[in-house]
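Breakdown of the fold
Each chain, written out:
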Amino acid sequence: MSKLNPRQRELAVRRFPTPLEYCSYVFHFQAFLVGPFCFYKEYMDFVEGKDLLMNVTGQDDKPQFIKSKQPSALRAILGKLACASGIIIIIAVVAPHYPIEGNTWEEVTNSSYIYRVFYMWWSLTLCQMKYVIAWLLVDAICNASGLGFNGYHSDGRPKWDRMTNVHFLTFLMGTNLKDFTDNWNISTAKWLKSVCYERVPVLKEMSTFLLSAVWHGFYFGYYFCAVSLTLMVLSSRKLRRNVRPYFLQNTRRKTFYDWLTWIASTLSAVYFSVSFPLVTFQYNIKFYSSTYFCGHIIAILIIAILPRNKTDKKTATSISDNVTAYGKHCDQNVPEQTGNDSISTKKNL
């Protein structure tokens with residue numbers, strides 16, 4: 001137990017489950033067909049009502065747990081059903097005109113670069129919406145049964161996001177790969193992190209993506225996507241460490257960097273991820289051959305050429321001095337703000 005991190009200790013199974021408890025967890029109706037995944041500890045807390053316990057401070061300043069009444073999930077359920085219904089309409093009307101296989105058609109591959117990028121992004125987004133519909137519906141089912149309560153917001157509103165599997169808008173607006181993985185197939189990502197990423201000593205990214213591919217099935221596209229995303233992770237991490245310090249000298253540069261990384265991250269994620277829904281060897285080779293594997297080549301060159309350290313010592317010292325000087329200048333000339341909407345200059349830096 002001492003070797004586990006806090007999250008692993010929280011989810012640890014401390015008692016061997018009975019056959020009834022085990023079968024109930026494996027075959028519970030809320031997530032039997034398409035998920036979302038929940039850990040055994042979380043499921044048993046729901047069954048035993050422990051997810052409704054509130055941590056309060058007693059008279060002797062010692063923590064005490066009291067059982068609260070389960071709040072209504074009607075608002076959360078209706079919101080998720082409404083979102084799913086809207087996406088269903090979009091897919092029914094628009095998706096037939098932009099099939100994912102169209103990325104391999106000659107009329108698309110021979111078109112302009114801008115149209116190819118648009119078609120690749122839009123067809124993949126429509127394909128992802130099918131998963132979003134399933135996850136929203138299952139999330140609503142879980143909430144209707146009482147599964148998914150996750151405490152309260154700061155303003156007292158109940159949170160029904162314990163079984164939420166996607167934050168689609170946040171996923172689409174992500175500026176780096178972490179934003180994508182943290183907001184897509186969330187429960188499976190937590191499981192992969194717990195059972196693989198935090199446990200393997202080497203090649204953590206590659207091992208995690210390959211385990212995800214095995215979990216999905218045995219199509220070529222799954223494994224090619226795993227290898228491609230590994231290249232994306234390693235290259236983007238190295239590029240960020242080498243380039244980002246040069247954009248921290250003032251707020252304008254930082255804003256420009258955020259916009260630049262959003263565009264680059266979105267295009268990279270779409271390019272490397274499109275192999276997953278293309279599935280077959282023929283489709284993947286045809287599509288990436290038409291792009292001359294440019295994304296893979298760029299990623300490999302970044303990994304091979306850029307130094308391991310983010311900058312050499314002299315450059316790093318110069319950048320650090322500039323940032324420090326700018327921060328002191330702001331502290332002297334900008335009055336301190338208060339309130340929830342104010343953001344300090346130091347925080348921006």
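Per chain, residue numbering runs from 1 following the sequence as it is written. pLDDT decides what is reported in this predicted model: residues at 70 or higher carry local features, side-chain atom pairs at 80 or more are listed and counted, and totals for whole chains, interfaces and linings draw on all residues regardless. To obtain the side-chain values, all non-hydrogen atoms of the structure were included, while hydrogens and water were left out.

Under the scheme applied here, a residue whose accessible area is under 20% of the maximum for its type counts as buried, over 50% as exposed, and between as partly exposed, the area being computed with a 1.4 Å probe on protein chains only. Numbering of helices and strands runs from the N terminus; a helix is a DSSP stretch of H or I covering at least four residues, while a strand is a stretch of E covering at least two. Residues of helix H14 (residues 281–290) that are buried include every one of Asn284, Phe287 and Tyr288, and no others. An end-on view of H14 places all buried positions within 90° of arc, on one side of the element. Contact criterion: two residues are considered in contact whenever any of their non-hydrogen atoms come within 4.5 Å of each other. Contacts made by the buried residues of H14 are with helix H6 (113–144), helix H11 (220–243), helix H12 (251–273), helix H13 (275–278) and helix H15 (294–305). Following H14 by one or two positions, Tyr292 has its phi on the positive side, about 60°. What the arc measures is the spread of directions leading from the helix axis to the C-beta atoms.

This part takes up the nonpolar core. Only buried residues count toward a nonpolar core. Its members are Ala, Val, Leu, Ile, Met, Phe, Trp, Tyr and Cys residues joined through side-chain atoms within 4.5 Å. Residues Ile87, Val132, Phe168, Trp184, Met232 and Val274 are the most contacted members of the largest nonpolar core, which totals 39 residues. Going through the elements one at a time, helix H4 (74–94), H6, helix H7 (168–172), helix H8 (177–183), helix H10 (204–216), H11, H12 and H14 are the ones with two or more residues in this core. In terms of residues, this core owes the most to one element, H6, which gives nine residues. What Trp184 contacts, discounting residues up to four positions off in sequence, is Gln128, Tyr131, Val132, Trp135, Asn165, Val166, Phe168, Phe171 and Ala189. In terms of nonpolar packing, the next biggest core, distinct from the first, is built from 10 residues, Cys38, Tyr40, Phe46 and Cys142 among them.

Relative placement of two packed helices is described by the angle separating their axes and the distance separating the axes. With their axes 10 Å apart at the nearest point, helix H9 (residues 186–197) and H10 run at an angle of 125° to one another. Here H9 lies oblique to H10, going by the angle between them. Along this stretch, H9 crosses H10, giving a crossing that reads as right-handed. From H9, Thr188, Trp191, Leu192, Val195, Cys196 and Tyr197 reach across to H10, where they touch Lys204, Glu205, Ser207, Thr208, Leu211, Ser212 and Trp215. Charged means Asp, Glu, Lys or Arg here, nonpolar means Ala, Val, Leu, Ile, Met, Phe, Trp, Tyr, Cys or Pro, and polar covers whatever is left, Gly included. Considered class by class, the residues forming the contact of H9 with H10 number seven nonpolar, four polar and two charged. The angle between two axes is taken between their N-to-C directions and runs from 0 to 180 degrees, where each axis is a line fitted to C-alpha atoms and a helix contributes only its stretch in contact. Here is the rule for angles: anything less than 35 degrees is roughly parallel, anything more than 145 is roughly antiparallel, 65 through 115 is roughly perpendicular, and the remaining ranges are oblique. Here is the rule for handedness: rotate from the far helix to the near one, and if that takes an anticlockwise turn smaller than a right angle the crossing is left-handed, while a clockwise turn gives right-handed.

Right, let's talk about a nonpolar patch on the surface for a bit. Residues enter a patch when their relative accessible area is above 30% and they make no salt bridge; the linking distance is 9 Å between like charges and 5 Å between nonpolar side chains (Val, Leu, Ile, Met, Phe, Trp, Tyr). Accessible areas in this description were obtained via Shrake-Rupley with a 1.4 Å probe; residue shielding takes into account the shown protein chains only. Whenever a carboxyl oxygen of Asp or Glu lies within 4 Å of a side-chain nitrogen of Lys or Arg, that contact is scored as a salt bridge. Residues Tyr22, Val26, Phe27, Phe32, Leu33 and Val34 make up a contiguous nonpolar surface patch of roughly 660 Å² in combined accessible area. Assignment of secondary structure puts Phe27 in helix H2 (residues 19–27). Residue Phe27 is classed as exposed on the basis of its relative accessible area, which comes to 52%.

Moving on: the packing of H2 against helix H3 (residues 40–48). It is at 10 Å that the axes of H2 and H3 come closest, and there the two elements cross at 105°. The orientation of H2 relative to H3 falls into the category roughly perpendicular. Where H2 abuts H3, its residues Glu21, Ser24 and Tyr25 lie against Tyr40, Tyr43 and Met44. The residue inventory of the contact of H2 with H3, partitioned by class, reads four nonpolar, one polar and one charged.

A word on the side chain of Gln128. Of note, Gln128 is situated in helix H6. According to the relative accessible area criterion, Gln128 is buried, its value standing at 12%. Apart from the residues lying within four places of it in its own chain, the contact partners of Gln128 are Phe168, Phe171 and Trp184.

Another point: the layout of surface pockets. Both cavities and pockets are sets of points on a 1 Å grid over the protein atoms alone; in a cavity a 1.4 Å probe fits but cannot get out, in a pocket the set is open with protein on both sides within 12 Å along at least five of seven lines, and lining residues sit with an atom within 4 Å of a point. Grid points are joined across faces, edges and corners, and a volume is the space filled by probe spheres set on the points. In this structure, the second largest pocket occupies an estimated 370 Å³ of space. Lining the second largest pocket are 15 residues, with Lys80, Cys83, Leu136, Val166 and His167 positioned closest to its centre. The greatest single-element share of the lining of the second largest pocket, amounting to six residues, is contributed by H4. A class-by-class count of the residues in the lining of the second largest pocket yields eight nonpolar, four polar and three charged.

Let us now look at the side chain of Thr230. Considering the arrangement of structural elements, one finds Thr230 in helix H11. Thr230 has contacts with Glu205, Met206 and Phe209, leaving out every residue within four places of it along the chain.

Our focus in this paragraph is the environment of Thr170. Of note, Thr170 is situated in helix H7. For Thr170, a relative accessible area of 44% puts it in the partly exposed group. Through-space distance from the C-alpha of Thr170 to that of Asn183 is 6.7 Å; in sequence the pair is 13 residues apart.

Going through the model one piece at a time under the given rule, you end up with 11 salt bridges. The closest approach of N and O atoms between Arg15 and Glu21, which form a salt bridge, is 3.0 Å. On the basis of relative accessibility, which here comes to 17%, the residue Glu21 falls in the buried class. The partner of Asp139 in a salt bridge is Lys80, and the shortest N-O contact between them spans 2.9 Å. Separated by 59 residues along the polypeptide, Asp139 in helix H6 and Lys80 in helix H4 bring together distant segments of the chain. Take Asp139 and Lys80: they sit in the same class, and that class is buried. Three or more residues joined by partner-sharing salt bridges are found here, namely Arg7, Glu10, Glu42 and Arg162.

Looking now at the packing of aromatic side chains. Geometrically, a pair of aromatic rings is defined through the distance of the ring centres and the angle of the planes. Between rings of Phe, Tyr and Trp, where Trp is taken as its six-membered ring, a pair exists when centres lie within 6.5 Å; planes separated by under 30 degrees are stacked, by over 60 edge-to-face, and by other angles tilted. Using the criterion set out here, one finds 32 aromatic pairs in the structure. Between Tyr98 and Tyr119, the aromatic rings sit 5.7 Å apart at their centres with planes inclined by 50°, giving tilted as the arrangement. Taken together, the residues span a long stretch of sequence, with Tyr98 in the loop between H4 and helix H5 (106–109) and Tyr119 in helix H6 at a distance of 21 residues. The class for Tyr98 is partly exposed, based on a relative accessible area of 22%. Ring geometry for Tyr271 and Tyr288: centres 5.2 Å apart, planes at 85°, overall edge-to-face. Within this pair, whereas Tyr271 is found in helix H12, its partner Tyr288 is found in helix H14, the two being separated by 17 residues in sequence. Overall, the relative accessible area of 8% leaves Tyr271 in the buried class. By relative accessible area, which is 0% here, Tyr288 ends up buried. Among the aromatic residues, those joined into a cluster by ring pairs are Phe220, Phe224, Tyr271, Phe272, Phe281, Phe287, Tyr288 and Phe293. Charge over a ring is defined by NZ of Lys or CZ of Arg lying within 6 Å of the ring centre and within 35 degrees of the ring normal. Over the ring of Tyr197 we find Lys204; its NZ or CZ atom is 5.4 Å from the centre of that ring.

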